[in-house]
Every structure is written in structure tokens, then in C-alpha cells.
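Residue-level listing of the chains:
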Amino acid sequence: MNGLSQSIVRRDIGIAIGNVGVGVMMAGTVGFAVEQWWIGVVTLVVAGLLIASADRSRAGKWVLIAIGTVAIVALGWGMFRDTVPTGVLPLVLIGIGTGLALNRVLFGVLRPVPEVRQRREDAA
């Protein structure tokens, strides 16, 4: 693994650990909507697929940004209107962090970081 790939892996795993850590801390503070466990699983799958596509194409990156923005606005709006319980936030954060970590372990540790991602990082 080259230095650029190592940097990508370290950064993404750090972000993933941060998301999961904040989600776990929030679960202890705001409560945990255990009966809505499926939200965490859906978030994990969707986040993993979006992050994987963002690693492989410029269009995937923009789809990730667009869907992420819509999801954040919808979640915030739902919480503002009291239609989304606060206990869902830890599940969402844990799902996003786990999806990111799984993608980076699969494509960064077990297999090489995709070329598109490496070129994008190298250009930045």
C-alpha cells in the first residue's frame, strides 16, 4: 500500500470511528430507539454503497453529496416538526460510520483503494 492509500485509509477510518463514537455517546444521552434498529442497518447499506460509488466516479461523489444533503435536511426538518424521534440520530451516525469503515477495510486494506479516489486525493 502506497503512502497516499495509507493516508486515505487512516483518514476514513478516523472519520468512521468518530461517527460511531459520537453515535454511541448520543445513545447514552438522548436515548436509543432500539425498536427502530433497522434504520441503522439501512443507513449502513446506503452509506456504504454511496461511499463506494463516490470512490469510483465523479458522478458518484456528486450523488453522495446530493443524497447526503437531502437526508440531513429531511432529518433536521423531521426533528424540528417532532416527526422523527431524537433516538434515531445515534442509529444514523453509527450506520454511516460503519458503512464508511466497511468500505475502507474492503477497498483500502483488503483490496487497493480505487484509482479514481487516489487521483482525486492526489489532485487535492
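Residues numbered from 1 in each chain as written. Predicted model: local features only at pLDDT ≥ 70, side-chain atom pairs only at ≥ 80, totals over all residues. Heavy atoms only, no water.

Some thoughts on the packing of helix α2 (residues 37–56) against helix α3 (residues 58–80)
Item 1. Running from N to C, α2 and α3 point in directions that differ by 145°, and their axes come no closer than 6 Å. Residues Leu-50, Ile-51, Ser-53 and Ala-54 of α2 pack against Gly-60, Lys-61, Val-63, Leu-64 and Ile-67 of α3.
Item 2. Taken together, the residues that form the contact of α2 with α3 break down as six nonpolar, two polar and one charged. (Axes fitted to C-alpha atoms, helices over the stretch in contact; angles between N-to-C directions. Helix = DSSP H or I, 4+ residues; strand = E, 2+ residues; numbered from the N terminus. Contact = heavy atoms within 4.5 Å. Nonpolar A, V, L, I, M, F, W, Y, C, P; charged D, E, K, R; others polar.)

Let's talk about the nonpolar core
Item 1. Among the nonpolar cores identified, the biggest contains five residues, and these are Ala-33, Ile-39, Val-88, Leu-91 and Val-92.
Item 2. With three residues, helix α4 (residues 88–106) is the largest single contributor of residues to this core.
Item 3. For Ala-33, the residues in contact, after removing those within four places along its chain, are Gly-87, Val-88 and Leu-91. (Core = buried A, V, L, I, M, F, W, Y, C linked by side-chain atoms within 4.5 Å. Buried < 20%, exposed > 50% of the residue type's maximum accessible area, 1.4 Å probe, protein only.)

Describing the pattern of salt bridges
When their charged atoms lie close together, side chains carrying opposite charge are able to pair.
Item 1. Counted according to the given criterion, the structure contains six salt bridges.
Item 2. Here Arg-104 and Asp-55 are joined by a salt bridge, their closest N and O atoms 2.6 Å apart. Linking Arg-104 in helix α4 with Asp-55 in helix α2, this pair joins segments that are 49 residues apart in sequence.
Item 3. Each member of the salt-bridge network shares a partner with another, and the members are Arg-11, Asp-12, Asp-55, Arg-104, Arg-117 and Glu-121. (Salt bridge = Lys/Arg side-chain N within 4 Å of Asp/Glu carboxyl O.)

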